[in-house]
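If you want the building blocks of each chain, they are given just below.
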Amino acid sequence: MIVTLIEKIYSFLWGDLIHIPLPGGNSLGISLLIILLIPTGIYFTIRTRFLPIRLFPDMVKALVEKKENESSLSSFQTLIVSTATRVGMGNLVGVVAAVSIGGAGAVFWMWVTALIGSSTAFIEATLAQLYKEKDLVYGGYHGGPAYYIHAYVEEKQRRKRKKVVLSVLFAISGLICWCGISQVISNSVVSSFKNAFSIPPIYTTIVLVALAAVIVLRRNATVKVLDLLVPVMAVLYFAITVIIIIMNIGSLSGVFARIFQEAFGIRQAAAGGFGAVLMNGVKRGLFSNEAGSGSAPCAAAAAECSSPVKAGLVQALGVFIDTIVICSCTAFIMLLAPEDLVAGLSGMDLLQTAMKYHLGEFGVVFIAATLFMFSFSTFLGILFYARSNVAYLFGDEWKWQTAYKVLALVMLFIGGLAAYTFVWDLGDVGIGLMTIFNIIILYPQGEKALIELKKYEKSKKKA
């Protein structure tokens, strides 16, 4: 009965809620979450007067702001944490799926999604800063949607509340989602290592869980490890992609031509393939960069900033790093391989075949190692996010923080040995519900973030 209920909720959130007729008798299926996220991104892009383009230099400048309190995190450190989860499996498995199903044109729609998604990311991160609270367990601050939803309800009801139903639902949805993701992470890593090195799943699982436990069960080791791991893995992946592009420089113009031609279904028009191109690009873009889901604000709240806007600008930049840079790297690796070589392939087979073409056996090993680093950093990142939700539900106590970490480690172990589709669906349901609860409140609460943006820009003019 519970499994059936979860499957129905999953279908409602992620399935095609409406169908728009297209020429040739085909139709464009649009899910509830797309209906929520795309208009929200467009709305805040307009309300911020195209902030991602207009204030891009400010996004970069905000990275170098120094913190004063040692126990707090700098803007750059919170970007590292949010990038750890954004630059995860979605950048490999997700992008591969988008190109496999939607073709090269899906990449263009991922870029468009990043442009409007960064405005949403700015709003939710700025709100997280406005309503952050002292973290009595780890030091510094914590916060996120559970906290700014709580504040909104208190303001409307004009009385203090111990708990708010919508905040509780968001916090629970987040914890469910991140437990589900833990299983997906270990299963993907184990599978890639088995394919690349023929290592039995049990060995990879034990090493993965032991390594994770050593880090996450220590009070403040997570951020230190991510500070080291994320820049290294992102730079390495970017550098390898640049090398591949240089090796295939003569084919680069053809790849861009494919992306733009297929983006509008020119090559697929006869087959009515525009819907697949558009929706796969949009879906993968939205859920790779996490804008609107309410995850990244849990990291943004921890930053020590001179202005809440600066935390918002940093997280808006994170969307660009994820989608425009890292996701594009994966796409170019695949699209620069000969079409006849990768024709009919999908999933990791497609990416590994492309990498083998470019770099030989080293390419296959590199992808396995990259998937491990991306996935491991995602696990560390989601446990950082979970701090805020656990604190909201159970209070600032180390025992509750540790209990959730142990649960996530158990899920990590189980996922390495067997793939339970039900639990994976549960993770998707979790992030879907988080998005709904977060978006509901972003419209009314977002006005406060817009006011902060006006203050920030006025102070710039005076300076």
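The model shown is predicted, which means the values in this text are computed figures rather than measured ones.

Some remarks on the overall build of the chain
Link 1 in the chain: Tallying secondary structure elements over the chain gives 20 helices and four strands in all.
Link 2 in the chain: Taken over 463 residues, the chain has a buried fraction of 58%.
Link 3 in the chain: Of the roughly 18,800 Å² of accessible surface on the chain, a fraction of 67% belongs to carbon and sulfur atoms.

Examining the side chain of E124
Link 1 in the chain: Positionally, E124 belongs in helix α7 (residues 105-130).
Link 2 in the chain: Beyond its immediate stretch of four places on either side in the chain, E124 contacts Y148, E290, A291, G292, S293, G294, P297, N438 and L442.

What about the pattern of salt bridges?
Link 1 in the chain: In total, this model carries ten salt bridges according to the counting rule given.
Link 2 in the chain: Between D58 and K460 there is a salt bridge; the shortest N-O distance is 3.0 Å. Residue D58 is found in helix α4 (residues 56-62), and its partner K460 is found in helix α20 (residues 421-462); the two are separated by 402 residues along the sequence.
Link 3 in the chain: Notably, a salt bridge pairs E452 with K455, separated by 3.5 Å at the nearest N-O pair. Here E452 and its partner K455 are both found in helix α20, three residues apart, which amounts to about one turn of the helix.
Link 4 in the chain: The buried category is assigned to E452, whose relative accessible area is 15%.

A look at helix α2 (residues 32-47)
Link 1 in the chain: With 16 residues, α2 ought to run about 22 Å at 1.5 Å a step, and its terminal C-alpha atoms sit 23 Å apart, in line with that.
Link 2 in the chain: What α2 keeps buried is the set L32, L33, I34, L37, I38, T40, G41, F44 and T45.
Link 3 in the chain: One or two positions beyond α2, positive phi appears at R49, with a value near 55 degrees.

Notes on helix α9 (residues 165-197)
Link 1 in the chain: Here α9 contains 33 residues, and its C-alpha end-to-end distance of 48 Å stays within 8% of the 48 Å for a straight helix at 1.5 Å per residue.
Link 2 in the chain: S198 sits one or two positions beyond α9 and adopts a positive phi of about 60 degrees.

Quick look at the nonpolar core
Link 1 in the chain: Counting 128 residues, the largest nonpolar core has W178, I259, L313 and F379 as the members making the most contacts within it.
Link 2 in the chain: Setting aside its immediate chain neighbours within four residues, I259 contacts A104, G105, V107, F108, W111, F332 and L335.

With respect to the packing of helix α11 (residues 221-247) against helix α18 (residues 361-394)
Link 1 in the chain: At a minimum axis distance of 10 Å, the contact between α11 and α18 shows a crossing angle of 145 degrees. In this structure, α11 meets α18 at a crossing whose hand is left-handed. Two secondary-structure elements touch here, α11 through T222, V223, V225, L226, L229, V230, M233, L236, Y237 and I240 and α18 through F362, F366, T370, M373, F374, F376, S377, L380, G381, F384 and R387.
Link 2 in the chain: The class makeup of the residues in the contact of α11 with α18 is 16 nonpolar, four polar and one charged.

What counts as what
- Residues numbered from 1 in each chain as written.
- Predicted model: local features only at pLDDT ≥ 70, side-chain atom pairs only at ≥ 80, totals over all residues.
- Heavy atoms only, no water.
- Helix = DSSP H or I, 4+ residues; strand = E, 2+ residues; numbered from the N terminus.
- Buried < 20%, exposed > 50% of the residue type's maximum accessible area, 1.4 Å probe, protein only.
- Areas by Shrake-Rupley, 256 points an atom, 1.4 Å probe, with all protein chains shown as cover.
- Contact = heavy atoms within 4.5 Å.
- Salt bridge = Lys/Arg side-chain N within 4 Å of Asp/Glu carboxyl O.
- Expected span 1.5 Å × (residues − 1).
- Core = buried A, V, L, I, M, F, W, Y, C linked by side-chain atoms within 4.5 Å.
- Axes fitted to C-alpha atoms, helices over the stretch in contact; angles between N-to-C directions.
- Left-handed = near helix turned anticlockwise from the far one by under 90°.
- Nonpolar A, V, L, I, M, F, W, Y, C, P; charged D, E, K, R; others polar.

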